[in-house]
Amino acid sequence: MTVQRSPYGAWESPITVEHVAGGDGRVADLGAVGGELWWTEPRPAEGGRRALMRQGASALPAPWNVRNRVHEYGGRPWAGVDTGNGPLIVFSEFADQRLYAFEPDRGLDPWPLTPVPAIKAGLRWCDMVVDTSRGEVWAVLEEFTGPRTTEVRRVIAAVPLDGSAAEDRSAVRELTDDSYRFTTGPRMSPQGTMAAWIAWNHPNMPWDETELRVAAVTAEGDFADARTVAGGGGESIAQVEWDADGTLVAVGDRTGWWNLHRIDPASGASANLHPAQQEFGGPLWAIGQRWFQILDNGRIAAVHGEGEARLGILDPELDTLREVDGPWTEWAPSLLADGDRVVGLAAGPDRSFEIVEHDTATGVTRTVAAPHVDKVDPAYYPVPGHRTFTAPGGREVHARLYPPRNPEYEAPEGELPPYVVWVHGGPTSNVRAVLDLELAYFTSRGIGVVQVDYGGSTGYGREYRERLRGQWGVVDVEDCAAAAKALADEGVADPSRLAIRGGSAGGWTSAASLTSPAAEGLYACATIKYPILDLSIWLGDETHDFESQYLHTLIGPVDEVSERYRERSPINHADRISVPFLLLQGLEDAICLPAQSEKLLRAIAGKGVPHAYRTYEGEQHGFRKASTIADAVSAEHALYAQTFGFAAPEGADLELRS
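Numbers given to residues run from 1 along each chain, matching the order in which its sequence is written. Reporting of local features is limited, given that this is a predicted model, to residues whose pLDDT is at least 70; pairs of side-chain atoms are given and counted only at 80 or more, and all residues count toward the totals for whole chains, interfaces and linings. Side-chain figures throughout are based on the complete set of non-hydrogen atoms in the structure, without hydrogens or water.

Peer 1: Honestly, helix α5 (residues 505-515) in this entry has me stumped. Any pointers?
Peer 2: Residues three or four positions apart in an α-helix share a direction because the helix packs 3.6 residues into each turn. Three labels apply to residues, based on accessible area from a 1.4 Å probe with only protein chains included: buried if under 20% of the type maximum, exposed if over 50%, partly exposed otherwise in between. Helix numbers and strand numbers start at the N terminus; a helix is a DSSP run of H or I with at least 4 residues, a strand a run of E with at least 2. Across the 11 residues that make up α5, a large majority, 11, are buried. Of all the residues in α5, the buried ones are Ala505, Gly506, Gly507, Trp508, Thr509, Ser510, Ala511, Ala512, Ser513, Leu514 and Thr515. Against β35 (419-423), α4 (475-489), β37 (498-504), β38 (525-531), α7 (562-568) and β39 (581-586) lie the buried residues of α5. Should any heavy atoms of two residues lie within 4.5 Å, those residues are counted as being in contact.

Peer 1: I keep staring at the nonpolar core and nothing clicks. Help me out?
Peer 2: The nonpolar side chains of soluble globular proteins are, as a tendency, buried together. Counting residues in hydrophobic clusters, the biggest one holds 106 residues, and the most contacted among them are Leu212, Leu260, Trp472, Tyr523 and Phe581. No other element matches the 10 residues that α4 contributes to this core. If near-sequence neighbours (up to four positions away) are discounted, tyrosine 523 is found in contact with Val421, Cys480, Ala481, Ala484, Leu498, Ala499, Ile500, Ser513, Leu514 and Val579. In terms of nonpolar packing, the next biggest core, distinct from the first, is built from 41 residues, Tyr380, Ala433, Ile447 and Ala632 among them. As used in this record, nonpolar core signifies buried Ala, Val, Leu, Ile, Met, Phe, Trp, Tyr and Cys residues forming a set joined through side-chain atoms within 4.5 Å.

Peer 1: Just to check I follow, could you spell out the pattern of salt bridges for this structure?
Peer 2: Side chains that differ in sign of charge can pair as their charged atoms come close. Salt bridge, as used here: a side-chain nitrogen of Lys or Arg that lies within 4 Å of a carboxyl oxygen of Asp or Glu. Summed over all chains, the structure comprises 52 salt bridges. Its salt-bridge partner being glutamate 241, residue arginine 187 comes within 3.8 Å of it at the nearest N-O pair. Taken as a pair, arginine 187 in strand β15 (residues 187-188) and glutamate 241 in strand β19 (residues 237-242) lie far apart in primary sequence, 54 residues in all. By relative accessible area, glutamate 241 is classed as buried at 12%. For glutamate 563, the salt bridge goes to arginine 566, with nearest N and O atoms at 3.1 Å. Note that glutamate 563 and arginine 566 are positioned in helix α7 at a spacing of 3 residues, about one turn of the helix.

Peer 1: Could you clarify how one ought to interpret the sheet that holds strand β9 (residues 111-112) in this entry?
Peer 2: Through backbone hydrogen bonds, the strands of a sheet pair up, either in parallel or in antiparallel fashion. Read from one edge to the other, the open sheet built from 4 strands follows the order β6-β7-β8-β9, with strand pairing classed as antiparallel. Of all strands in the sheet, those with a lone pairing partner are β6 (78-82) and β9, marking the two edges. In this sheet, strand β7 (residues 87-92) lies alongside β6 in antiparallel orientation, the contact comprising 5 bridges. When the sheet's bridge partners are listed, tryptophan 78 is paired in β7 with phenylalanine 91. Whether two strands pair comes down to DSSP finding at least two bridges between them.

Structure follows, in structure tokens:
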């Protein structure tokens, strides 16, 4: 292969926007019914729906969309059992948020289990358990009681499988009261006589403080003697499961790290199964996540690590943790126990998420479903490197560096590449070193990327996570700037061609970086997607209930530090924005409302700031349609071409208005 010389950013690449759009999203919601694997996977070309899959074949045709809006981010959307005559599947349909059931082997079409809500999409369900002995499915019910986003209650409820509740809301039995604002679904003891779940209240987020609740299950199927046996007092419990001996195993961070603990459900006595400065859990953004599973041989398969998510097999008796080898460096919190085997969703820098099985008896690890397929030569994939930067005050900042990579091109001698700081959302979240065709789209064209796990990110213990308490808009901005400045000072990146981009909370940090003195003059442009821009309209009824009091910890109690809300908001310092930016917004976003973006446009009107605003009908928080994803990537590429001074590819056009 002849290597050509061409400026960074202008390299040609086989990775197209169509590849990016077609590969967006990943397999999720892994489960088993009668020994058969089921899961969901994205369909960007079919309006962004999620298809329910059965051993690789679609179990439900379009337009069925197996997804729910609990907390707006969604929770586990399906459950199933083997009835002896084949699978019985219960799922949440996105269009109306109702529960449906179907038996595919009997040729029966889905039938509704829950009524049409009085308030549109106002009855939502997730994290189900199917109990055929009682003829019910037990699930989290999120019920809106009024038109405001915070007029909502959540309980664990039982729904008849015969469809009788489809017309009669009173046929739904509520198993818990609504004294807790938030709840997960129940986990049933081996004998079916007890239930365990996790609950919490405002202003806590689930990574701040939760409680582990247990109750006896009566012969009538009611919960009795509900009580808290662990958690509270500043501890976050992220997952709970029952062991075969009737004890509980839970992930809690009482030590400062999410570790595995065995808990006596009667006394609450607890023991750390493997004390370590590693995370065996994570932020509960979606109800039903599973970082660990208990195997039949008593061992525990667990996703764990510091700044990573590897799979390990813990032997609680010997207190040994054996790492699972292979090319899969990142495992999703979607594990499934199958005898002495564990099945999960795993990926790596050169592969997207696929369904992988590890047999603890033989030590064999293999892909069993949804295998990764290279759409282009892997030589065009970026290779990540871990970096630790130093931010103000000497604090360490973790990041992953993706230099430009294309086997067909090299830059003219002496030219430094442009670099874009990618800011993850959350902000209580992190980045993972897995194949991302959107990232590869840019690196294969000569644009470097650095993904920053700024202070407040998960994966590094509670102390690192809490760096953002009261400091959102400060620590995140400083940490991202520290990474960008270091790359420029080291001669890795062109200091005149640095950019920043992010969505949601990442959009906030990107916008704040254009208005903060901590990053003044650093970035040449920014891509801001479905952002938070004005804190005064991102709390209470101006956003969804789940995050309506998130700012209590990120900024501080609004009645005590109201001036801080004003001072931190990029919208109030729009006069400081002097570089081009691209603003992307879904018009059905219930988390970061279009009003946020529109307010910024009004603030910069007539100020001479080059910008473009693109909106997308039918898109919520995050883009799922192939057409939207392709257009957004193309527009971002065009922004860099205009700002950094290289030719944009055909079709990547963007009109910047002042």
